[in-house]
Amino acid sequence: MIRIAVAEDDPKCFAQLEQFIGDYGRETGRAFQITHYDNGEDLVERYRPEFDLILMDVEMPFMDGMTAAGYVREKDPEVVIVFVTNLAQYAIQGYSVNALDYILKPLNYFSFSQRLGRALQYVKKKEDACLTVSVKGGAIKLAVDGIYYIERLGRQLMFHTRSGIHASTATLQQVEEALEGRGFARCNKGYLVNLEHVDGIQDGCAVVRGDKLLISRGRRGPFLEALTDCVGGVGP
């Protein structure tokens, strides 16, 4: 399921976008979930980082699309943004909020489907580089290479990442399965470690970004073997 937010104040334009997305889904066999926002202010106030793609009108009341995109970027650096606009000149401004593309109005299906297909290819690349995890009130997307380690703390998981510590309601087993084959290993039953961020082994612990994580006796062999394969020869 591909989750798309559409920020568009014109009901006719939104209806056309919704129809085109539906037509594209039927042609390609893809499933879409569409959430509509009437204006940029509505999007910013209600936004949660759980979308794959935003189709953003530029000229909207209360808050224009460029301003709204700036606020969205603060909450969600990973979401793909495509502007929908009457004026191609806005495409240049879109670079300031890391927009992928723009679609010119009036809309026609052929051009729209080409742009949407390109955006979805980029979404797929982003998905491969990110992990979506459940948190209180919704979900967040974390760059996999920016995750240092995941700690089980009671009934929660604490993701220690480049952007800070994030609490999740997922289970360690779920996350371990989602990250299989992506360079993570358990050093004990309560920690899942990104092997790329292991600085060394000290006093029976894996040193990860200055934190010492105990390597249990039962997991010592598999963990060190995985670490050696990943970084090319860290001794016990």
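Here the structure is shown first, and the text comes after it.
Heads up: these notes are all about the structure in this document. Predicted model only: the values in this text are computed from it and were never measured. (Residues numbered from 1 in each chain as written. Predicted model: local features only at pLDDT ≥ 70, side-chain atom pairs only at ≥ 80, totals over all residues. Heavy atoms only, no water.)

Turning next to the sheet that holds strand 15 (residues 211-214). One open sheet holds the three strands; their spatial order is 13-14-15, and the pairing between them is antiparallel. Only two strands of the sheet have a single neighbouring strand rather than two, namely strand 13 (198-202) and strand 15. Looking at each pair of strands side by side, their axes are set apart by 30° on average, direction ignored. Relative to strand 14 (residues 205-208), strand 13 is paired through four bridges, and the arrangement is antiparallel. Along strand 14, the bridge assignment pairs isoleucine 201 with alanine 206. (Pairing = 2+ DSSP bridges. Helix = DSSP H or I, 4+ residues; strand = E, 2+ residues; numbered from the N terminus. Axes fitted to C-alpha atoms, helices over the stretch in contact; angles between N-to-C directions.)

What follows deals with the pairing of strand 8 (residues 147-153). Counted residue by residue, strand 8 has five buried out of seven residues, so it is predominantly covered. Note: strand 8 against strand 9 (residues 156-161), six bridges, orientation antiparallel. By the bridge assignment, leucine 153 is partnered in strand 9 with glutamine 156. Pairing between strand 8 and strand 12 (residues 191-194): three bridges, direction antiparallel. For isoleucine 150, the partnering residue across the bridge sits in strand 12 and is leucine 192. (Buried < 20%, exposed > 50% of the residue type's maximum accessible area, 1.4 Å probe, protein only.)

Before going further, it helps to examine the nonpolar core. Residues Ile4, Leu53, Leu55 and Phe112 are the most contacted members of the largest nonpolar core, which totals 22 residues. Put simply, the parts of the chain that give this core at least two residues each are strand 1 (2-7), helix 1 (11-28), strand 3 (53-57), strand 4 (80-85) and helix 5 (109-129). Considering every element that reaches this core, the biggest residue donor is helix 1, with six residues. Listed in part, the 21 residues of the second largest apolar core include Leu43, Ala69, Ile81 and Val97. (Core = buried A, V, L, I, M, F, W, Y, C linked by side-chain atoms within 4.5 Å.)

To continue, consider the environment of glutamate 196. Relative to the assigned elements, glutamate 196 resides in the loop between strand 12 and strand 13. The exposure class of glutamate 196 is exposed, given its relative accessible area of 56%. Considered as a pair, glutamate 196 and asparagine 39 are 157 residues apart in the sequence and their alpha carbons are 42 Å apart.

What follows is about the packing of helix 1 against helix 5. At a closest axis distance of 10 Å, the pairing of helix 1 and helix 5 adopts a crossing angle of 65°. Relative to helix 5, the element helix 1 lies roughly perpendicular. Here helix 1 runs over helix 5; the crossing is right-handed. Facing helix 1, whose interface residues are Leu17, Phe20, Ile21, Asp23, Tyr24 and Glu27, helix 5 presents Tyr109, Phe112, Ser113, Leu116, Gly117 and Leu120. Tallied by class, the residues present in the contact of helix 1 with helix 5 amount to eight nonpolar, two polar and two charged. (Parallel < 35°, antiparallel > 145°, perpendicular 65-115°, else oblique. Left-handed = near helix turned anticlockwise from the far one by under 90°. Contact = heavy atoms within 4.5 Å. Nonpolar A, V, L, I, M, F, W, Y, C, P; charged D, E, K, R; others polar.)

On strand 14, burial covers both faces: Cys205 and Val207 on one face and Ala206 and Val208 on the other are all buried. Remark: two residues form the turn of the hairpin made by strand 13 and strand 14, two consecutive strands paired antiparallel; aspartate 203 in that turn has positive phi of roughly 55°. Across four bridges, strand 14 lies against strand 15 in antiparallel orientation. When the sheet's bridge partners are listed, alanine 206 is paired in strand 15 with leucine 213.

Following the criterion strictly, the structure yields six aromatic pairs and no others. One aromatic cluster is present, built from ring pairs that chain together Phe20, Tyr109 and Phe112. Lying over the aromatic face of tyrosine 102, arginine 115 brings its terminal NZ or CZ to 5.2 Å of the ring centre. (Phe/Tyr/Trp six-rings, centres within 6.5 Å; stacked < 30°, edge-to-face > 60°. Lys NZ or Arg CZ within 6 Å of the ring centre and 35° of its normal.)

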